[in-house]
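An overview of the molecular structure
Read off the chains here:
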Amino acid sequence: MRIVMGAQSCGFGPASELVAVSRLLSHHERVFVGRGVAATFTRRNPDAFDAILEIDATRGRAGAELIDDLLETGDQVISVMDADLALRSVIARRPVVMVDSLFGFWRLGRPLAQIRDLCATLPRSSYAAADRHLAALSPHERVVAAHLLATHSVVQNFPGVPERVAEFTALDAGSAIHLTGPIIDLEGLRNTPLNAEPEYDLLINVGGFKNFLLDFDVNNDYLRLLHHWIPDLLRDWPRFSHVLVCGGPFGGHRERSVSVAGRRADCRLLPQRDLLRAVASTPGYLLAPGLTALHESMVLGRLPLGIHEQHYAHVYTLRSLDGTLFGRNAGRFADVLPHHRLPEDDFTGTVALVEIAGRVQEDEELYTVFRRTFNERIEHYVSLTPAQRWHGVEELRRLLGGKPAHEVLAKIFPPRGSE
């Protein structure tokens, strides 16, 4: 079977999940198609695919036609939160599996039944006609529509997700929906040594960073704040003599090292399984609060400290986990601006976070508060006993666990010879 695969190009989470799913389907031909940070992550993990095609359907007619032609050659499509790829697959009359780790996050401005009815009358003569038919939907509603149009939906457990699954089921919404636990590279995690000699004292996982607004050179106030803060981290924490800062902003020519007082921070982008080895062995772990990275640390038995929110989805994650040790301990921009009200919207909320990061980076007084309050968070984190850290891992596992993803996928894609 030839499977065409793609992922939403927002951070590394969707692409990481796609890599995990693809590695479970090695008995099929797996063709990645996509752009942006999703393509960047995929190229860093080429062993997970049989072919990698970097094509952007949003830039001109030629790119869209290339993807449509590719879909015609496939037997099946897997889309990780990429609503456009799912819609193109439906128009190409290819069965599509929609994979989603943020199923409860998508905000709806209209009843789910209305979106279902709109999908039921979708014209399938062309992508342009279908796109016009769904034009009134918001980006979040388009993702939900993609689930309704998909043949199967595989959704990762999180607070609020079982309730949305129940709402879909009650509507008899069309696609077969499967609730699962972490969608992560379990094989890579199982093969990761847990007691290796650490190369670093502290790992800071920034994630992929880029999304619909954030970029490495535009709307990058968060990255500028991070660059401002790293030398002060080295000054304030002698115990962190060798720090690894890892993520999408530090690939290729963007790699750099910072040295202060005999201590050093290396900023690099690692292949996923190399990063897992660093997570397993490094004593201290700070991460942008993305769900994939959090799940990986849980499996490895590591409790990380969350760093300040890059975008609105991180705000949603921390609020949802506020009852856990991880959620309570995480750094937040609310530590710096406690009375600042954040818009309750993905786009405008992310815009507001960019503005806050810029203010903190440029205002010496605000930056001093940022540095002090984050040091307090780190101080509390490093003071946790092994038992306290393990308790934090266990409460996350209980809250976010579920049926193993490989069991769910095996029902959709039976092993060779069992069809």
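The following paragraphs examine the structure supplied in this document. (Residues numbered from 1 in each chain as written. Predicted model: local features only at pLDDT ≥ 70, side-chain atom pairs only at ≥ 80, totals over all residues. Heavy atoms only, no water.)

On to the side chain of N157. Here N157 is to be found in the loop between β6 (152–156) and α8 (161–171). Residue N157 is classed as buried on the basis of its relative accessible area, which comes to 11%. Only 2.7 Å separates the side chain of N157 from the backbone oxygen of G401, close enough to count as a polar contact. Setting aside anything within four residues of it in sequence, one finds N157 in contact with P162, L179, T180, L399, L400 and G401. (Helix = DSSP H or I, 4+ residues; strand = E, 2+ residues; numbered from the N terminus. Buried < 20%, exposed > 50% of the residue type's maximum accessible area, 1.4 Å probe, protein only. Polar contact = N/O pair within 3.5 Å; in protein donor to acceptor, adjacent residues only side chain to side chain. Contact = heavy atoms within 4.5 Å.)

With that out of the way, let us pick up the packing of helix α10 (residues 221–236) against helix α16 (residues 364–383). When two helices pack together, their arrangement is given by the angle between the helix axes and by the axis-to-axis distance. Packing of α10 against α16 leaves a shortest axis separation of 11 Å and a crossing angle of 55 degrees. Viewed along their axes, α10 and α16 adopt a mutual orientation that is oblique. By crossing handedness, the relation of α10 to α16 is classed as right-handed. In this structure, α10 contributes L225, H228, W229, D232, L233, R235 and D236 to the contact, and α16 contributes Y367, F370, R371, F374, N375 and I378. Across the contact of α10 with α16, the residue classes break down as 7 nonpolar, 2 polar and 4 charged. (Axes fitted to C-alpha atoms, helices over the stretch in contact; angles between N-to-C directions. Parallel < 35°, antiparallel > 145°, perpendicular 65-115°, else oblique. Left-handed = near helix turned anticlockwise from the far one by under 90°. Nonpolar A, V, L, I, M, F, W, Y, C, P; charged D, E, K, R; others polar.)

On to the pattern of salt bridges. Counting across every chain of the model gives 28 salt bridges. Linking R224 and E362 is a salt bridge whose minimum nitrogen-to-oxygen distance equals 3.5 Å. Of the two residues, R224 sits in helix α10 while E362 sits in helix α15 (residues 346–362), which places them 138 residues apart along the sequence. The exposure class of E362 is exposed, given its relative accessible area of 59%. (Salt bridge = Lys/Arg side-chain N within 4 Å of Asp/Glu carboxyl O.)

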